[in-house]
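For reference, the chains in residue letters:
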Amino acid sequence: MEHRRTGVGRRDFLKAAGLGALGTVVTGGVVGALGWGAPSASAATTTLALAATDGYITMPGREDDPIYIFGFIPVSPSATVSQLISTYKGHAQTSAPTLDFLQNDDIKITLTNLGLIQRPDLTDAHTIHWHGFDMPSPLNDGVPEVSVAVPIGKQLTYFYRPHREGTYMYHCHFEDVEHVQMGMTGIVFVRPTQDGSSIGGFTKFAYNDGDGSTGYHRHFAILLNEVWSNFHDGDRDIQESIATDYDPQWFTLNGRTYPETTFPNDYPGPNPPASASGITTHNPNLDTDDKSQPNSSLVQVNPGDRVLLRLANLGYQQHAMQLPGIPMHVVGQDASLLRNGTVDTSYWANTLYIGPGEARDVLFDAPPYEATRPSGSDGRGAYNVYHFKNRDWQRLSSLGAPGPGGGPSGMMTEVRVYQNPLPAQTVVSQTYV
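Everything numeric in this text was worked out from a predicted model, so none of it was measured. (Residues numbered from 1 in each chain as written. Predicted model: local features only at pLDDT ≥ 70, side-chain atom pairs only at ≥ 80, totals over all residues. Heavy atoms only, no water.)

A.B. asks: Looking at this structure, how should I read the pattern of salt bridges?
C.D. replies: Any two side chains of opposite charge can pair, so long as their charged atoms come close to each other. Inspection of every chain in the model, using the stated rule, returns 18 salt bridges. With a shortest N-O distance of 3.6 Å, R395 and D392 are connected by a salt bridge. The partner of E414 in a salt bridge is R416, and the shortest N-O contact between them spans 2.8 Å. Taken as a pair, E414 and R416 share a single burial class, namely buried. One continuous salt-bridge network, built from bridges that share partners, spans R62, D65, D233, R236 and D237. (Salt bridge = Lys/Arg side-chain N within 4 Å of Asp/Glu carboxyl O. Buried < 20%, exposed > 50% of the residue type's maximum accessible area, 1.4 Å probe, protein only.)

A.B. asks: Help me understand the nonpolar core, please; the structure alone is not making it clear to me.
C.D. replies: Across soluble globular proteins, nonpolar side chains show a tendency to be buried alongside one another. By size, the foremost hydrophobic cluster in this structure holds 29 residues, and its most contacted members are F72, I109, I128, W130 and Y170. The set of elements that each furnish at least two residues to this core consists of β3 (45-57), β4 (67-75), β5 (98-102), β6 (106-113), β8 (155-160), β9 (166-171) and β10 (185-191). Element by element, the count of residues in this core is highest for β3, at four residues. For I109, the residues in contact, after removing those within four places along its chain, are L48, L50, L99, F101, I128, W130, L156, T157, Y158 and Y160. Formed by 26 residues, the second largest nonpolar core is a distinct cluster that contains L253, L311, I326 and L352. (Core = buried A, V, L, I, M, F, W, Y, C linked by side-chain atoms within 4.5 Å. Helix = DSSP H or I, 4+ residues; strand = E, 2+ residues; numbered from the N terminus. Contact = heavy atoms within 4.5 Å.)

A.B. asks: For this particular structure, what's the right way to read the packing of aromatic side chains?
C.D. replies: Centre-to-centre distance and the angle between the planes together describe a pair of aromatic rings. Counted by the stated rule, this structure contains 14 aromatic pairs. Pairing W130 with F133 gives two aromatic rings, centres 4.5 Å apart and planes at 70°, and the pair type is edge-to-face. With respect to burial, W130 and F133 carry one shared label: buried. (Phe/Tyr/Trp six-rings, centres within 6.5 Å; stacked < 30°, edge-to-face > 60°.)

A.B. asks: Whenever I open this one, empty space enclosed by the protein confuses me. Can you help?
C.D. replies: Gaps left between atoms are located by rolling a probe of water-molecule size over the structure's atoms. Taken as a whole and assessed by the stated rule, the structure comprises six cavities of 30 Å³ or more. Taken as a whole, the largest cavity spans an internal volume of roughly 130 Å³. In terms of lining residues, the largest cavity is bounded by 18 residues, among which T94, N225, V227, T252 and G255 are the most central. Elements with a contribution of two residues or more to the lining of the largest cavity: α3 (176-182) and β11 (218-227). The biggest single contributor to the lining of the largest cavity is β11, with four residues. Tallied by class, residues from the lining of the largest cavity come to seven nonpolar, 10 polar and one charged. (1 Å grid on protein atoms, 1.4 Å probe; cavity = no way out; pocket = protein on both sides within 12 Å on 5 of 7 lines; lining within 4 Å. Points joined across faces, edges and corners; volume = space filled by probe spheres on them. Nonpolar A, V, L, I, M, F, W, Y, C, P; charged D, E, K, R; others polar.)

A.B. asks: Before we go on, may I ask you to explain the sheet that holds β8 in this structure?
C.D. replies: Within a sheet, neighbouring strands are paired by backbone hydrogen bonds and run either parallel or antiparallel to one another. Strand order in the open sheet made by the four strands is β4-β3-β6-β8, with mixed pairing throughout. Unpaired on one side and paired on the other, β4 and β8 mark the two borders of the sheet. On average, adjacent strands in this sheet sit at an angle of 25° to one another, irrespective of strand direction. Sheet analysis places β3 next to β4, joined by nine bridges and oriented antiparallel. Directly across from G55, in β4, lies its bridge partner I69. Sitting on the sheet, helix α2 (residues 81-88) touches β3, β4, β6 and β8, and the angle it makes with β4 is about 135°. Set on the sheet, helix α4 (residues 229-237) makes contact with β3 and β4; between it and β4 the angle comes to about 90°. (Pairing = 2+ DSSP bridges. Axes fitted to C-alpha atoms, helices over the stretch in contact; angles between N-to-C directions.)

A.B. asks: In this structure, what is going on with the environment of E370? I would like to understand it.
C.D. replies: Among the structural elements, E370 can be located in the loop between β21 (359-365) and β22 (375-378). With a relative accessible area of 36%, E370 lands in the partly exposed category.

A.B. asks: Explanation requested: the side chain of T431 in the structure shown.
C.D. replies: In this fold, T431 is placed in the segment after β24 (412-418). Judged by relative accessible area, T431 falls into the buried class, the value being 19%. Within the local environment of T431, its side chain forms a polar contact with the backbone nitrogen of N265, the two atoms lying 3.2 Å apart. Contacts of T431, omitting those with residues within four sequence positions, involve P264, N265, S296, L298 and Q300. (Polar contact = N/O pair within 3.5 Å; in protein donor to acceptor, adjacent residues only side chain to side chain.)

A.B. asks: Would you mind showing me how to read α4 here?
C.D. replies: Count 3.6 residues to each turn of an α-helix, and residues three or four apart come out pointing the same way. Burial within α4 is extensive, with seven of its nine residues counted as buried. Residues of α4 that are buried: S229, F231, H232, D233, G234, D235 and R236. Looking at the buried residues of α4, the elements they touch are β3, β4, α3, β11 and β12 (250-253). Of the residues trailing α4, I238 is marked for its positive phi of about 60°.

A.B. asks: Looking at this structure, I do not really get the pairing of strand β14 (residues 306-313). What am I missing?
C.D. replies: Side-chain positions along a regular strand alternate between the two faces of the sheet. Counting buried positions along β14 yields seven of eight residues, so the element is predominantly enclosed. Where β11 meets β14, seven bridges bridge the pair, whose relative direction is parallel. The residue bridging A221 from the neighbouring strand is R310, located in β14. As judged from the seven bridges shared by β14 and β21, these two strands associate in the antiparallel manner. Directly across from V307, in β21, lies its bridge partner F364.

Given below as structure tokens:
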């Protein structure tokens, strides 16, 4: 389903605003296709902007009948409300941009409520709530009962100074059961002040561990969620949904199901990568600049890399995730280092249980490349394949049906260990094609 737009085009607007393409590094602003960048070490303040509106995504079995969503999208901090409304209204994405900040920096996030195209009668306000974040004042917490919500056509700048590093998540807390399910969810993480120091052979860390035990070479942010068509179709058609009847049909990683989880960031379509011949990508607005499901979950690594998975669950069900063939080391939980004084409380797991509203920081060591293992190839050469997946086979399907070619769908992605070396990672969840 397509919405017609008037006024300046999105691509022209981004160029005029100084953002360029979404995959281009911009000073003091956006970094990469998936994440918004933190400032340089000498900077003390990061300023960015998000807009809230509606839009559409597709899921297996609903390619010709897109699913209605609400969502957050990245926009220029210098744009006016009228510019944002004319350019972005009706073009939401899910999951929301991953936000990347440095501990103790000042963070200013301006939220603009653009209103809804499909439901102009629905006059909901929106907020940004950092789930699990230590907020000394409720004013910026985003819980509308004790703080401020943003009405349609208005802006509000939230202020944060994160003192505790780790992985969090953010969502709209206005009509939160509905708005979270509708897609207003994303990951936010805080890098420790220890970053940039050389400790234990690493310069990047999940926490201020003091010994390099949470060091890593590459990191990936993956948001677990479910999609229940009743809520989405009900909001589209002005019909009531009973939340206690929750029975989702799709299980997603970063807003996609397998094998689309392995497509690159900001994959525009209309045709899938050559390595996935015959698969239709999930973007209902292929003739626009929209990337309604822009966030890949593909994990691309070199042999021997120490890899950090920043995992968060903003669905309403617990998920049991496995990475067969690679042990997982859980070093952080809900933005807290798993260490009690001198006592190490981290643990190794074959199955990782993540409940609603929970986050985990998981390290693993990429194994050697082996030509005899299951493998594939792309523009970077040959790679071994390991699957990061839900252990429940019912959550590896969509609408109760298998994926393309009779294979799995649902909550699964790939860890690819390459024979030829990948370049150094410069942004979180970077993909190489």
